[in-house]
Amino acid sequence: GMLMAGTAIGAKPNNRFLEAAKYEAMVIIIFGLIFVAGFLLLGESSVRVIEYVGRMEDAVYLNTPDGGPGAYFNTTYFANANMTNIEMELMNNQVTKRIDLAIPVSIPTFFAGGMAFLGWFFFALFGGIGLTALPLDLILAFVHRPKRMDPAEFADAQLSIRQRVNELVDIGEMFKLERDDRANADGKAWGKGFSQQARKERAEFNEFKKAVFLLETDMEDFQASSAKYDKYNPLLPWFYLLGGILSIILSVAWLAHIIIYIVPPKPLFSFLNIYFQWFDRWFPLLGVISVAVFTLYLLLCAVKGCFKFGIRFMWFTIHPMRVNKTYMSSFMFNVALVLLCALPVVQLCVVAFPEYARYADVTQVIGVQVMNIRYLGWFFEQKIFIYVLLGVAAMTCIYLFCKPADDEKNKKKGLFGRLRARKQK
């Protein structure tokens, strides 16, 4: 915390407020125009239906009750027949054809569809990463749980942490001086935040934040293994292990259900739908709770995947969530990410559990109108995001199998390399 606070000195509160207001206004105007234009151009759903044209004389042509010629619908036939029987009668006698019905969508429905489409780009990436990363990190938290160290291990760990602290303090001071020099040289030129130098500066700052986060994590583990060992809760690692096992079950269940139920043109097996419907026979509340668990787990995977992606590749600032150590900006970032991924998760659950939620209103709204919005519906129909989600999960599994631990980048490059070069001058 002290290292991070030291690098934030120099910016006035008024300047930060004006800069934030400027970016907020730009976002509102840009996305507002995109939404209005999108609603005017794409504000309808193209629902494909099968039209049957013909007569069912053999099935429904009967004499009228008074014995005269005529025809009326045999309600007993329709009551006993299923849709397949009726379709076969119509197909054998006359013509069937597929037509697309244009159904106007309301503004809230179009907004939900647009946000779902946008959110899928984030959920397909971060959710796919989290499905693998969340179980692995929980298992590793148990494997690397704090253990009492002997004097030699204590001395080595203390020396390593002291060296890392000194390096990060020097890097923080160097980073602050360079930022102040660039700020005085560049002045207040418009657009400097989008320049190549500014992007490089943000990447270096993200690298610095990652190093600080890893140091704080190792420091907590060091204290739990030495000075605070007697106060450490010994049950906590076992909760991590239990959570890891449950996460493995949920991740495998989700991936298996997607592969055997969503990906094929016709589902191979109902799988989780059967599991949820089984509860309706004796205690429906457990089925609802099970769906809630599977749904919330996807949101947790999205948050975990975003953090894992940020700490491994440092393309954006990491926002860890830790008890009593979470910044308000991190709360806002993760809440925004959850809201952005909420609609894709709902849509995925509608597609994955249509047998369980067949009479729900969300099936009509998401499963019919949103899934068939003009042009956007093509991505849903072709299951593009589903394939991306599975591909990201597979690549993440391979990557984390080869490199499971989060560690600092090559210290010969980046900020650490610049610090050593500066000391040698």
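Below: a short report on this structure. Everything quoted here is computed from the prediction, not taken from an experiment.

Here we take up the packing of aromatic side chains. Counted by the stated rule, this structure contains 29 aromatic pairs. Here tryptophan 278 and tryptophan 282 contribute two aromatic rings whose centre-to-centre distance is 5.4 Å and whose plane-to-plane angle is 65°, an arrangement assigned as edge-to-face. Under the relative-accessibility criterion, tryptophan 278 is labelled partly exposed at 42%. Of the aromatic side chains, those joined through ring pairs into one cluster are Trp254, Tyr275, Phe276, Trp278, Phe279, Trp282, Phe283, Phe294, Phe353 and Tyr356. Note that lysine 22 overlies the ring of tyrosine 23, its terminal NZ or CZ placed 5.3 Å from the centroid. Over the face of the ring belonging to phenylalanine 142 we find arginine 145, whose NZ or CZ atom lies 4.4 Å from the ring centre.

For the coordinates displayed, the defined rule picks out 1 cavity of 30 Å³ or more. Taken as a whole, the largest cavity encloses approximately 30 Å³ of empty space. Taken together, Val303, Cys306, Phe307, Phe316, Thr317, Ile318, His319, Phe333 and Asn334 form the lining of the largest cavity. Mapped onto the lining of the largest cavity, the elements with two or more residues apiece are helix 11 (284-313) and helix 12 (328-352). With 3 residues, helix 11 is the largest single contributor of residues to the lining of the largest cavity. Grouping the constituent residues of the lining of the largest cavity by class yields 6 nonpolar, 3 polar and no charged.

We now examine the nonpolar core. In a soluble, globular protein the nonpolar side chains are often hidden away together inside. Grouped together as the largest cluster of nonpolar side chains are 50 residues, with contacts concentrated most on Trp120, Phe123, Trp254, Leu348 and Phe353. Put simply, the parts of the chain that give this core at least two residues each are helix 6 (107-143), helix 9 (236-262), helix 10 (272-280), helix 11, helix 12, helix 14 (376-381) and helix 15 (384-402). With 10 residues, helix 6 is the single largest residue contributor to this core. In this structure leucine 348 touches Trp120, Phe123, Trp254, Ile262, Leu298 and Ile386, once residues within four positions along its chain are discounted. Counting residues in each nonpolar core, the second largest holds 10 residues, with Ile161, Phe175, Leu215 and Phe222 among its members.

What follows deals with the environment of serine 247. In this fold, serine 247 is placed in helix 9. Setting aside its immediate chain neighbours within four residues, serine 247 contacts Leu134, Pro135, Leu138 and Tyr297. A distance of 2.7 Å separates the side chain of serine 247 from the backbone oxygen of glycine 243, its partner in a polar contact.

A complete count under the given rule lists 0 disulfides for this structure. No disulfide involves cysteine 306; its sulfur sits 8.3 Å from the nearest other cysteine sulfur, which is in cysteine 341. Its relative accessible area of 4% is what places cysteine 306 among the buried residues.

The rules behind each value
- Residues numbered from 1 in each chain as written.
- Predicted model: local features only at pLDDT ≥ 70, side-chain atom pairs only at ≥ 80, totals over all residues.
- Heavy atoms only, no water.
- Phe/Tyr/Trp six-rings, centres within 6.5 Å; stacked < 30°, edge-to-face > 60°.
- Buried < 20%, exposed > 50% of the residue type's maximum accessible area, 1.4 Å probe, protein only.
- Lys NZ or Arg CZ within 6 Å of the ring centre and 35° of its normal.
- 1 Å grid on protein atoms, 1.4 Å probe; cavity = no way out; pocket = protein on both sides within 12 Å on 5 of 7 lines; lining within 4 Å.
- Points joined across faces, edges and corners; volume = space filled by probe spheres on them.
- Helix = DSSP H or I, 4+ residues; strand = E, 2+ residues; numbered from the N terminus.
- Nonpolar A, V, L, I, M, F, W, Y, C, P; charged D, E, K, R; others polar.
- Core = buried A, V, L, I, M, F, W, Y, C linked by side-chain atoms within 4.5 Å.
- Contact = heavy atoms within 4.5 Å.
- Polar contact = N/O pair within 3.5 Å; in protein donor to acceptor, adjacent residues only side chain to side chain.
- Disulfide = S-S within 2.5 Å.

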